[in-house]
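Working through the structure, step by step
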Amino acid sequence: MSDFNNPPTKPKAAREHICKYCLGPVFKGEVHWHQKGNYEGSWYSNRYHNECWNVLETSEEYEFLPGDGEI
């Protein structure tokens, strides 16, 4: 199966989530980025703070480890 990313969405959190980049909480009611897809044969569903998403969008790095970002 090929790797792919669905287009990101900007939902309002119905419950608390964890930001994949900084591992900080995305609080209930917070507007955030959400992206789903398939990477190296595994499905994923990641949530990000707006600030973390902006860092990733402007970065030249294509991969990161969860928790690489700072709150």
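Note that the structure is a prediction, hence the values are computed from the model and not measured. (Residues numbered from 1 in each chain as written. Predicted model: local features only at pLDDT ≥ 70, side-chain atom pairs only at ≥ 80, totals over all residues. Heavy atoms only, no water.)

Next up on the list: the overall build of the protein. Counting its secondary structure elements, the protein contains 1 helix and 5 strands. In the protein, the succession of helices and strands from N to C terminus is β-β-β-β-β-α. Relative to a compact globule of 71 residues, whose C-alpha radius of gyration would be 11 Å, the protein shows 12 Å and is just as compact. Projected onto its principal axes, the C-alpha coordinates of the protein cover approximately 35 × 25 × 15 Å. Relative to its full complement of 71 residues, the protein shows a buried share of 30%. Nonlocal contacts in the protein, meaning residues at least 24 apart in sequence, comprise 50% of its contacts between residues at least 6 apart. For the protein, the exposed surface amounts to about 5200 Å²; the carbon and sulfur share of it is 51%. (Helix = DSSP H or I, 4+ residues; strand = E, 2+ residues; numbered from the N terminus. Rg over C-alpha atoms; globule rule 2.2 N^0.38 Å. Buried < 20%, exposed > 50% of the residue type's maximum accessible area, 1.4 Å probe, protein only. Contact = heavy atoms within 4.5 Å. Areas by Shrake-Rupley, 256 points an atom, 1.4 Å probe, with all protein chains shown as cover.)

A separate point is the nonpolar core. Counting 9 residues, the largest nonpolar core is built from Ala13, Cys19, Tyr21, Cys22, Val26, Trp33, Tyr48, Cys52 and Trp53. The residues touching Trp33, leaving out its near neighbours within four places in the chain, are Pro8, Thr9, Lys10, Asn46, Arg47, Tyr48, His49, Asn50 and Trp53. (Core = buried A, V, L, I, M, F, W, Y, C linked by side-chain atoms within 4.5 Å.)

Think of a pair of aromatic rings as described by two things: how far the centres are apart, and how the planes are tilted against each other in angle. Tallying each qualifying case throughout the model produces 5 aromatic pairs. Ring centres 5.5 Å apart and planes at 80 degrees place the aromatic pair Phe4 and Trp43 in the edge-to-face group. In this pair, Phe4 is assigned in strand β1 (residues 4–5) and Trp43 in strand β5 (residues 42–48), connecting sequence segments 39 residues apart. Ring geometry for Trp33 versus Trp53: centroids 4.8 Å apart, planes at 10 degrees, classification stacked. Of this pair, Trp33 sits in strand β4 (residues 33–39) while Trp53 is found in helix α1 (residues 50–58), placing the two residues 20 residues apart along the sequence. The pair Trp33 / Trp53 is uniform in exposure class, with both members buried. An aromatic cluster is defined as three or more aromatic residues linked by ring pairs; in this entry it consists of Tyr21, Trp33, Tyr48, Trp53 and Phe64. (Phe/Tyr/Trp six-rings, centres within 6.5 Å; stacked < 30°, edge-to-face > 60°.)

This part is about the sheet that holds β4. Within the open sheet, the 3 strands sit side by side as β1-β4-β5. Their pairing is antiparallel. Edge strands, defined here as strands with exactly one partner in the open sheet, are β1 and β5. For β4 and β5, the ladder comprises 7 bridges, and the chain directions are antiparallel. Within β5, the residue paired with Gln35 across the bridge is Asn46. (Pairing = 2+ DSSP bridges.)

Nothing here speaks to function; it is all geometry.
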